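# Structure assessment
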Amino acid sequence: MRKLAIGTALSGALALGVLTAPSASADSVDLAFTNVKVNGGKAIVVGTTAKVKVPVTYTLSRPADLTIDYKNNFAGVLLYRGSLAEQDNSIEPDAAPVCTTTATSDTRVIESCTETLVIDPWDNLYEAADAGTWKSAGFYGHGATDLDDSDGHISFEFGYDMWANAATAKIKRAAKLTVNATPEPVVKGRTLTVKGRLTRANWELGKYSGYASQKVTLQFRAKGASAYTTVKTITSGTGGALSTTVKASKDGYYRFTFAGTATTAAKTAAGDYVDVK
């Protein structure tokens, strides 16, 4: 893991690097995270600069005698890739969730919780493998520090528990798509050349890069019509380049549309209007 969002009481210890490999607690706290839903079940689309806020909802069951104050202890849901013990990457909440008690007993408290994961492509996404399906886990961190060294002694106490659950989330690269039909205006029956480019977020480079070998559909909407119709499907070339020709028949709008893939979001270009003489 790259970081652990476990509250201010632990941040000093983490900064000193003394908690790089915490061992399992002999007395693990009994928490349960259920009904986890990330981003309402929708894919999370991330570009190269803008931070994306992702809502996470879940039900938390905790012991009635355990108070989580989000200062000395912290609970929440994170996303990760890899195995639970050896995570390739992780995204944790930076702020406490908002929880409402829905049921209580002598031994348990049930809470309905909402938190926000903030995905910064610069800080959280590093490579192509970060596009795809992420797993989720509930976590609980707690600690205590004594930094009063007047007696020649300081201490750090730390515990961390994590529970995998069935919820997953898809993180996809944002795509960009352009279109330009020429010449404008054009004589009826003459050939129109429609060009464009398909690119997608490249998190390693921090910019958009061409997306080659992808099926892209050319569509047309006649002036005054309400819907686009498919003209043809072409394949993006080197650098995501798109180019095709059509016969000009009537005034209207041409656009390219990309259906997306398992790792890249769908995208539709704004229509380019062509005046046919």
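Residues numbered from 1 in each chain as written. Predicted model: local features only at pLDDT ≥ 70, side-chain atom pairs only at ≥ 80, totals over all residues. Heavy atoms only, no water.

Take Gly76: it is sitting in strand 4 (residues 73-82). Separated by 51 residues in the primary sequence, Gly76 and Glu127 place their C-alpha atoms 25 Å from one another. Residue contacts for Gly76: discarding those within four places in its chain leaves Phe33, Tyr58, Glu115, Ala137, Gly138 and Phe139. (Helix = DSSP H or I, 4+ residues; strand = E, 2+ residues; numbered from the N terminus. Contact = heavy atoms within 4.5 Å.)

On to unusual backbone geometry. With an omega of 0°, the peptide bond running from Thr182 to Pro183 counts as cis. Residue position: Pro183 is located in the loop between strand 10 (175-182) and strand 11 (191-202). Look at the link from Glu184 to Pro185: it is a cis peptide, with omega at -5°. With respect to the helices and strands, Pro185 occurs in the loop between strand 10 and strand 11. Despite not being glycine, Tyr70 shows a phi value in the positive range, around 60°. If you check the backbone angles, Ser213 has positive phi at about 65° while not being a glycine.

Take the confidence of the model for the chain next. Confidence along the chain averages 91 in pLDDT terms, with 90% of residues attaining 70 or more. Overall, residues 1-26 carries pLDDT values under 50, and its contacts beyond four positions in sequence, including any with other chains, amount to 48 contacts. (pLDDT = per-residue confidence, 0-100.)

Take the pairing of strand 16 (residues 252-258) next. Across the seven residues of strand 16, five count as buried, placing the element largely inside the fold. Inspection of the sheet shows strand 13 (residues 215-222) paired to strand 16 by six bridges, in the antiparallel sense. Opposite Phe220, over in strand 16, you have Tyr254 as the bridge partner. As paired elements, strand 16 and strand 18 (residues 272-274) share three bridges and run antiparallel to each other. Within the sheet, the bridge partner assigned to Gly252 lies in strand 18 and is Val274. Sheet analysis places strand 16 next to strand 17 (residues 267-268), joined by two bridges and oriented antiparallel. Along strand 17, the bridge assignment pairs Phe258 with Lys267. (Buried < 20%, exposed > 50% of the residue type's maximum accessible area, 1.4 Å probe, protein only. Pairing = 2+ DSSP bridges.)

Our focus in this paragraph is the sheet that holds strand 2 (residues 44-46). If you walk across this open sheet you meet the five strands as 2-9-8-4-5, and the pairing is mixed. Where the open sheet ends on each side, the last strands, each with one partner, are strand 2 and strand 5 (87-91). Strand after strand, the sheet turns through a mean of 45° between neighbouring axes, direction not considered. For strand 2 and strand 9 (residues 155-173), the ladder comprises three bridges, and the chain directions are parallel. Bridging across to strand 9, Val45 finds its partner in Lys172. (Axes fitted to C-alpha atoms, helices over the stretch in contact; angles between N-to-C directions.)

With antiparallel pairing, the four strands of this open sheet are ordered in space as 1-3-7-6. In the strand order of this sheet, the two ends are held by strand 1 (32-38) and strand 6 (98-104), each with one partner. Adjacent strand axes in the sheet meet at a mean angle of 20° when their direction is disregarded. Pairing of strand 6 with strand 7 (residues 108-119), which is carried by six bridges, proceeds in the antiparallel orientation. Looking across to strand 7, one finds that Ala103 is bridged to Ile110.

Right, let's talk about the environment of Thr57 for a bit. By secondary structure assignment, the location of Thr57 is in strand 3 (residues 52-63). Of the residues examined, Thr57 reaches a relative accessible area of 33% and is grouped as partly exposed. Residues Thr57 and Ser112 lie 55 residues apart in sequence; the distance between their C-alpha atoms is 7.6 Å.

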